[in-house]
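The lines below spell out each chain.
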Amino acid sequence: MTTPPPSGTPYHRLARTDRHRWWRPLLGSLLVLGGTLVVLCLLAGVGTAIAALAGRPVGPDGVPALGTLGELALTLAMIAAALPFVLLAARWVQARPAGTVSSVLGRLRWRWLGICLLVAVPTVLLLLGGSLGLLALTGGMDEGGTGDGGTVGGWPGWAGFLGALALLLLLAPLQAAAEEYVFRGWLMQVVGAYLRTPWPAIALQAVLFSAAHGWGTRWGFAELAFVGGLLGWLSIRTGGLEAAVGLHVVNNLIALGGAAALGELAAEETAADAPWEMLVVSVLVHLGYAVVVLGLARRRRLPTAAPEPTPPEPTAPAPDPTTAAEPEPTAPAPEPASATAPLPVGVGRDGCDGYRPVTPDGVLPRGHREGWRAARPDGQAG
């Protein structure tokens, strides 16, 4: 039995239902963290066993490695494993609908997500193009390189590229969505269950989101924290995770797809290693994305708070089959009207009165027709 949040509740406060207790968000966080770690260990064990059975070479850590695509698939699956535990913690521990992690409507708004995905495509392309252009102008590209200090791996061939692309299309959206549900969803709503103001929730999840990507340059850390904070604020302003999920999915697909085309999937650099040029371009481009998304949300009048619950429609009681319905009395059918209207007794068809033998239906008896004809001065029958 779940309890929905009260009407008018903003996104970051959706965990504050009538059944909220101080320990529920903490216990739910333990479920998310512990469940994800258990699945992570299981996946790592399965991956190591598969690599050992396949006779794969031993990596630097002394464990058989699955290769570039295998390691990438294992990493994406490990991160995606957190998504179901977030939904289960909301339903089982916090006793609220699991869909309230997605939006204020208690579900993922798929049409709005599709719009955000379309807006995110030019945003990510502009981000990559602007970053490369600024790096070329400042000479930052001469200082970069691949993860091992060598040259670019080069085109892996159509078979290798299409295999990597299929893997990315399958797992990258789940991995990106899981990160958004953990940081912009669960963490913000955990803090929002205790505090009304959204800013502590936005700041905390932004810092943890940046730290989860590793410690690189200070510019990379600042860029990730800025993006995380902006997406957290955008989630509250739009009432759901669709804008954040859409941008994250497109960013990962394009970035990893480009790396697959260049043969750089094994590179060790992450977004945490970004230079200052990336920070400058990222701030400008992501602010533009936020402006466009907010404009579209206002035009569509997107709800940003929990709506009023819809009352259930009344249903008519089912008839009892054991009780036979008594037939309703029906009125007798009216007799058909006579083609010839009856005349009063004593009145003939020509309107004359005083002749008693005329029957009620206006027909003169046969025995009196002659007398009637004789009684008339013109001798005509009536």
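Note: the structure precedes this text.
Remember, predicted model here, so these are calculated numbers, not experimental data.

Moving on to the overall build of the protein chain. The number of helices and strands found in the protein chain is 10 helices and zero strands. In the protein chain, the order of α-helices and β-strands from amino to carboxyl end is α-α-α-α-α-α-α-α-α-α. Looking at the 382 residues of the protein chain, the share that counts as buried comes to 38%. For the protein chain, the computed accessible surface area is about 21700 Å², with 67% contributed by carbon and sulfur atoms.

With that settled, the discussion passes to helix α9 (residues 276-299). For α9, spanning 24 residues, the distance from its first C-alpha to its last is 35 Å, which sits close to the expected 34 Å at 1.5 Å a residue. Burial in α9 covers these residues: E277, L279, V281, S282, V285, H286, Y289, A290, V293, L294 and A297. Next to the buried residues of α9 lie α4 (110-138), α7 (218-238) and α8 (242-262). Trailing α9 by a residue or two, R301 shows a phi angle of about 50°, which is positive.

Structurally, A120 can be placed in helix α4. According to the relative accessible area criterion, A120 is buried, its value standing at 0%. Each C-alpha atom of the pair A120 and V293 lies 9.4 Å from the other, and the pair is 173 residues apart in sequence. Here A120 is in contact with G246, L247, V250 and Y289, once residues within four sequence places are set aside.

All right, on to α7 then. Taking 1.5 Å per residue, 21 residues should reach 30 Å; α7 reaches 30 Å between its end C-alpha atoms and fits that length. Positive backbone phi, approximately 75°, marks G239, located one or two places after α7.

Take the packing of helix α2 (residues 68-80) against helix α5 (residues 158-192) next. Relative to each other, α2 and α5 sit at 25°, their axes nearing to 8 Å. When the axes of α2 and α5 are compared, the pair comes out roughly parallel. The hand of the α2/α5 crossing is left-handed. Facing α2, whose interface residues are L69, L72, A73, L76, I79 and A80, α5 presents A164, L167, L168, L171, A172, L174, Q175, A178 and E179. Considered class by class, the residues forming the contact of α2 with α5 number 13 nonpolar, one polar and one charged.

Now for the environment of H213. Among the secondary structure elements, H213 is positioned in the loop between α6 (199-212) and α7. Using a relative accessible area of 25% as the deciding quantity, one classes H213 as partly exposed. It is 6.1 Å that separates the C-alpha atoms of H213 and A272, two residues lying 59 residues apart in sequence. Polar contacts involving the side chain of H213 include one to the main-chain carbonyl oxygen of F209, which spans 2.8 Å.

All right, on to the packing of helix α3 (residues 82-93) against α5 then. For the pair α3 and α5, interaxial distance at closest approach is 7 Å and the crossing angle is 35°. Where α3 crosses over α5, the handedness of that crossing is left-handed. Here α3 contributes A82, L83, V86, L87, A89 and A90 to the contact with α5, which in turn contributes A178, Y181, V182 and W186. Looking at the contact of α3 with α5 residue by residue, the classes come out as 10 nonpolar, no polar and no charged.

Right, let's get into a nonpolar patch on the surface. On the surface, a nonpolar cluster with roughly 740 Å² of combined accessible area is contributed by W22, W23, L26, L27, L30, Y194 and L195. Counting through the fold element by element, W22 comes out in the segment before α1 (24-53). Accessibility expressed as a relative area gives 60% for W22, which makes it exposed.

Attention now goes to the nonpolar core. Counting 33 residues, the largest nonpolar core has Y11, V86, Y181, W186, M188 and V245 as its most contacted members. Taken together, the elements giving at least two residues each to this core come down to α3, α5, α6, α7 and α8. C116, A120, A244 and L247 belong to the second largest nonpolar core, which has 19 residues in total.

Tallied over the entire structure, the rule returns five aromatic pairs. Arranged with centres 5.3 Å apart and planes meeting at 40°, the rings of W155 and F161 form a pair that is tilted. A relative accessible area of 46% places W155 in the partly exposed class. The class of F161 is buried, set by a relative accessible area of 15%. A ring pair is formed by F183 and F209, whose centres lie 5.5 Å apart and whose planes are at 75°; its orientation type is edge-to-face.

About the cut-offs
Residues numbered from 1 in each chain as written. Predicted model: local features only at pLDDT ≥ 70, side-chain atom pairs only at ≥ 80, totals over all residues. Heavy atoms only, no water. Helix = DSSP H or I, 4+ residues; strand = E, 2+ residues; numbered from the N terminus. Buried < 20%, exposed > 50% of the residue type's maximum accessible area, 1.4 Å probe, protein only. Areas by Shrake-Rupley, 256 points an atom, 1.4 Å probe, with all protein chains shown as cover. Expected span 1.5 Å × (residues − 1). Contact = heavy atoms within 4.5 Å. Axes fitted to C-alpha atoms, helices over the stretch in contact; angles between N-to-C directions. Parallel < 35°, antiparallel > 145°, perpendicular 65-115°, else oblique. Left-handed = near helix turned anticlockwise from the far one by under 90°. Nonpolar A, V, L, I, M, F, W, Y, C, P; charged D, E, K, R; others polar. Polar contact = N/O pair within 3.5 Å; in protein donor to acceptor, adjacent residues only side chain to side chain. Patch = residues over 30% accessible without salt bridge, like charges linked within 9 Å, V, L, I, M, F, W, Y side chains within 5 Å. Salt bridge = Lys/Arg side-chain N within 4 Å of Asp/Glu carboxyl O. Core = buried A, V, L, I, M, F, W, Y, C linked by side-chain atoms within 4.5 Å. Phe/Tyr/Trp six-rings, centres within 6.5 Å; stacked < 30°, edge-to-face > 60°.

So, to be careful, I would describe these as geometric facts and stop short of saying anything about function.
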